[in-house]
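Here is what each chain is made of, one letter per residue.
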Amino acid sequence: MPPSLICCQTRLRPGSRVAIVSPSFGAPGLFPKVHVLAMQRLEYELQLIPVEYPTTRQTGATPRARAADINAAFADTSIQAIMATIGGDDQITVLPFLDSEVIARNPKPFFGYSDNTNLLNYLWNLGMSSYHGGSTMVHLARPGGLHPLSTSSLRAALFAGGDFELQPADAFSEDELDWSDAVFSDPNAVHVPTLVQPSTGFYWHQPNRVISGPSWGGNLEILDWNLSASRWIRTDVTDYAGCVLLLETSEEMPSARYVFRTLRNAGERGLLGQFPAVLVARPKSSNMVVQPPLEQRVQYRQEQREAILKAFAHYNPDAMIVFDVDFGHTDPQLILPYGGVITVNGPQRQIIAHFG
């Protein structure tokens, strides 16, 4: 069974202090205008007070230094939540320097996704729930202003609590904006949204039952790295039994073959068979280097779906799976509980995040 999770669903209010940390890539140091915009929106639109740390804007900070900031943010009793600025690719090297005793004594909400799957999973193993999504530079500094769908889920997680039903977006975007100073020096640039594509809503596979359980998972590539390192992954796979699995892929656009092989390997461990319900985020099919034509993007998403269905057909054929849920690397992004309870109601075609 999953660990007994501490609910970190402290309700914030205007004036609450929020730690802003860069546990992976110190992007605020390279793109200060984007970071400043995110902090302004956090302060003026969400009425929260951002508190930065020594490595928040530091590029090339050591894993030990980044861990020290995380430890300090948890230890500081005046801090009521922690938000990552962005992901990266080496947060797994930060985890050994975290002070698990300090963190466990001071549970508080953490928000992040992508490479922050490392920290989300680390906290889960300490018995602490947190939130998947909400990295500041991506979604608070969003071109065109805050997306209402993203913001409604963020406000529910931060302030309102209660049950939040996930609604499919009418449209989504995935093309990345140039973060150079030249672009963000233009006051009009930050008000121009990126190319949008129509959404077909959630795609339901075997919606024949109702599942409620704590969530686990996150970015597939990061889960793969954790499984390879054999650290912060439970050796008894039944510890994950009954969880709702969250899966999403990054802007590196892993191939369908990679996705299948990663899930196959998890299946061989007995891990894949533990999840009665799975939420799969809409995969990002464009990045700064590659912007395929729309028909190739559709094909990429379809091939990934088929790879996931193939893996589950072999290792967990009864799993209920919902595809194209907006919680990954595309925009808008819904905030989901990580370790908190999610209900997947197949017959009613409902997904409900329980924010406490």
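Residues numbered from 1 in each chain as written. Predicted model: local features only at pLDDT ≥ 70, side-chain atom pairs only at ≥ 80, totals over all residues. Heavy atoms only, no water.

A. Seen up close, the overall build of the chain. Scanning the chain for helices and strands turns up 11 helices and 16 strands. Expected size for 356 residues packed as a compact globule is a radius of gyration near 21 Å; at 19 Å, the chain falls within 12% of this value. Viewed in the frame of its principal axes, the chain has a C-alpha envelope of about 50 × 50 × 35 Å. The buried share among the 356 residues of the chain stands at 59%. Here the analysis covers contacts within the chain between residues at least 6 apart in sequence; of these, 82% occur between residues at least 24 apart. (Helix = DSSP H or I, 4+ residues; strand = E, 2+ residues; numbered from the N terminus. Rg over C-alpha atoms; globule rule 2.2 N^0.38 Å. Buried < 20%, exposed > 50% of the residue type's maximum accessible area, 1.4 Å probe, protein only. Contact = heavy atoms within 4.5 Å.)

B. Focus on a nonpolar patch on the surface. On the surface, Met 288, Val 289 and Val 290 cluster together into a nonpolar patch covering about 290 Å² of accessible area. Checked against the element boundaries, Val 290 lands in the loop between β12 (277-281) and α11 (294-315). (Patch = residues over 30% accessible without salt bridge, like charges linked within 9 Å, V, L, I, M, F, W, Y side chains within 5 Å. Areas by Shrake-Rupley, 256 points an atom, 1.4 Å probe, with all protein chains shown as cover. Salt bridge = Lys/Arg side-chain N within 4 Å of Asp/Glu carboxyl O.)

C. Structural view of the sheet that holds strand β1 (residues 17-21). Across the sheet, which stays open at both edges, the 6 strands sit in the order β2-β1-β3-β4-β5-β14 with mixed pairing between neighbours. Looking at which strands have only one partner, the edges of the open sheet turn out to be β2 (49-52) and β14 (336-338). Put simply, the sheet's adjacent strands are angled 30° from each other on average, direction ignored. Pairing geometry for strand β5 (residues 130-132) and β14, over 3 bridges, is antiparallel. For Ser 130, the partnering residue across the bridge sits in β14 and is Tyr 338. (Pairing = 2+ DSSP bridges. Axes fitted to C-alpha atoms, helices over the stretch in contact; angles between N-to-C directions.)

D. Up close: helix α2 (residues 32-44). Across its 13 residues, α2 extends 18 Å between first and last C-alpha, which sits within 8% of the 18 Å expected from 1.5 Å per residue. Here α2 has its buried residues at Val 34, His 35, Leu 37, Ala 38, Met 39, Arg 41 and Leu 42. (Expected span 1.5 Å × (residues − 1).)

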